[in-house]
Amino acid sequence: MKVMVLGAGQLAQMMALAGAPLGISVVAYDVRTHSVVHPVTGQDYQQDLAAGINANDVITAEFEHIPHDILDQCQASGKFLPGDRAIRVGGDRRLEKQLLDGVNVPNARYQFLATKADLTAATQSIGLPLVLKSALDGYDGKGQWRLKSETEIDAVWAEIEEFLAHSSDNQSIVAEQWIPFNREVSVIGVRNKDGNIAVYPLTQNHHEAGVLSLSVAPATGENLQQQAVSAFEKIANELDYVGVLAIEFFDVDGQLLVNEIAPRVHNSGHWTQQGADCCQFENHLRAVCNLPLGSTELVRPTAMVNVLGIDSVHQKAMEIAGSHQHWYGKEQRAGRKMGHINVAGKDQTQMLAQLNALLTMLPEAEFPGLSTAIAKLP
Ligand code: ATP
Ligand code: MG
Ligand code: MG
């Protein structure tokens, strides 16, 4: 089988690595340079989108912010999975909110805004604090503002207007209730063409300045897995979804509220490379290639630490048993996701001990908040 991924980042790269032993070849279409490249070596195949679509059996995506003309062309080929509707919903918070409400999955209260008067109204109907999010193009907490008091409305709206002036057409803002969550969790699952679903154990996540910093699986908590699986089934079935889908939640006193969905393999699922029977990258390929799904069972508790902005860490970290480093080979830039480290243990206690051992080897300045987050783990 030959698969082309829209997007040429680390997720496409890890799909290529997972596909190789199965004899599945994975190439990437870089939507910025309009070229088909090898996601690991960067080799340029000198193909345009049409040639890339022709040369491959399946088209899929590693991110949701893809120009609609590209989505249309892929959809018309009949080879695109999970398909353009799922990608559009994942890339537009307005469609996402409508989908969640349509299938009765609890999410944060919201309102769509076009004017400052709408914002003022939202502070009344939803209450403060509010999180304001651009409907399109949001990732890693970009395009978000927080409104804590009515006195900030003018200043915050001025920032938003400035942002809107420089962003894509048909843009608007979603005002969302600020959720005082106990913690954040996510679920990664996979659905195939026959509608079969397999879901990984829930993952506990810690974000730092809107960017994922730490994921730990399994996240414990009574009844949480059932809530997550129920949300997954409703959303994936409604989208007639094929492939891996991620759902981020806020855990508020044991009740899961959906934050957002990602129609793709997800950073909070990287632990599955060491901690699950079949990792999310292999399972995504299996689903889109119409092969039997792999087991999503946890084989050992595993944590993942994101490495941002630096392209190496102490080699000593390799000495920690059960730790594995995954580097993306990207050019170094401040704050950029450069790689991640998975740490697995035979049980929760050993995993936490090894995670703490890793922590002592990481430069504190590059991993703000990590030690506090680890200390708070159950
Ligand atoms: P991603 O890279 O995950 O796609 P994103 O830019 O789409 O990120 P969100 O997931 O919407 O951003 O928000 C980023 C983080 O900001 C969340 O993980 C959470 O920590 C915080 N956050 C977002 N919305 C809320 C909210 N309504 N209440 C409280 N915290 C929130
Ligand atoms: Mg997002
Ligand atoms: Mg998010």
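Up top is the structure.
Residues numbered from 1 in each chain as written. Chains lettered and ligands numbered in written order. Predicted model: local features only at pLDDT ≥ 70, side-chain atom pairs only at ≥ 80, totals over all residues.

Some points on the sheet that holds strand 4 (residues 58–61)
Put simply, the rule reads: DSSP calls a pair of strands paired once it identifies at least 2 bridges connecting them. Each helix is a run of DSSP H or I of at least 4 residues and each strand a run of E of at least 2, with the numbering of both proceeding from the N terminus. Note on definitions: angles span 0 to 180 degrees between N-to-C directions of axes, and those axes are lines fitted to C-alpha atoms, for helices only across the stretch in contact. Any two residues are considered in contact once their C-beta atoms, placed from the backbone, lie within 7 Å.
Strand order in this open sheet of 4 strands is 3-2-1-4, and the pairing throughout is mixed. The sheet terminates laterally at strand 3 (35–37) and strand 4, the two strands that pair on one side only. Sheet twist, expressed as the average angle between the axes of neighbouring strands with direction ignored, equals 30°. Its contacts with the sheet place helix 1 (residues 10–19) against strand 1 (2–6) and strand 2 (25–30), and it is angled at close to 165° to strand 2.

Quick word on the pairing of strand 6 (residues 130–134)
For the record, the criterion: Partly exposed residues are those whose C-beta has more than 12 but fewer than 20 other C-beta atoms within 10 Å; 20 or more makes a residue buried and 12 or fewer makes it exposed, with C-beta atoms placed from the backbone.
Covered by surrounding structure in strand 6 are Leu130, Leu132 and Ser134 only, the residues Val131 and Lys133 on the alternate face being uncovered. Where strand 6 meets strand 7 (residues 144–147), 4 bridges bridge the pair, whose relative direction is antiparallel. Looking across to strand 7, one finds that Leu130 is bridged to Leu147. Pairing of strand 6 with strand 8 (residues 173–177), which is carried by 5 bridges, proceeds in the antiparallel orientation. When the bridges of strand 8 are listed, Val131 appears paired with Glu176.

Looking at the nonpolar core
Within soluble globular proteins, side chains that are nonpolar generally end up buried alongside one another. Inclusion rule: Nonpolar cores are identified as sets of buried Ala, Val, Leu, Ile, Met, Phe, Trp, Tyr and Cys residues joined via C-beta atoms within 7 Å.
Ranked by internal contacts, the top residues of the largest apolar core, which has 102 residues, are Val5, Met15, Ala175, Ala228, Ile235, Ile247 and Ala303. In this structure, Met15 is in contact with Val5, Val26, Val265, Phe281, His284 and Leu285, ignoring residues within four places of it in sequence.

Some details on the packing of helix 4 (residues 84–91) against helix 5 (residues 93–102)
Geometrically, a packed helix pair is captured by the angle between its two axes and the distance between the axes. To be explicit about the condition: In what follows, roughly perpendicular refers to angles from 65 to 115 degrees, roughly parallel to angles under 35, roughly antiparallel to angles over 145, and oblique to any angle outside these ranges. Any residue outside Ala, Val, Leu, Ile, Met, Phe, Trp, Tyr, Cys, Pro, Asp, Glu, Lys and Arg is labelled polar, Gly included; the first ten of those are nonpolar and the last four are charged.
Orientation of helix 4 relative to helix 5, taken along the N-to-C sense of each, is 105°, at an axis distance of 5 Å. By the criterion of interaxial angle, the relationship of helix 4 to helix 5 is roughly perpendicular. Touching Arg88, Val89 and Gly90 of helix 4 are Leu95, Glu96 and Leu99, all from helix 5. Here the residues of the contact of helix 4 with helix 5 sort into 3 nonpolar, 1 polar and 2 charged.

Section: the environment of Val211
Relative to the helices and strands, Val211 resides in strand 12 (residues 211–217). Linking Val211 and Leu257, residues 46 residues apart in sequence, is a C-alpha distance of 19 Å. The residues contacting Val211, other than those within four sequence positions of it, are Asp140, Gly141 and Leu308.

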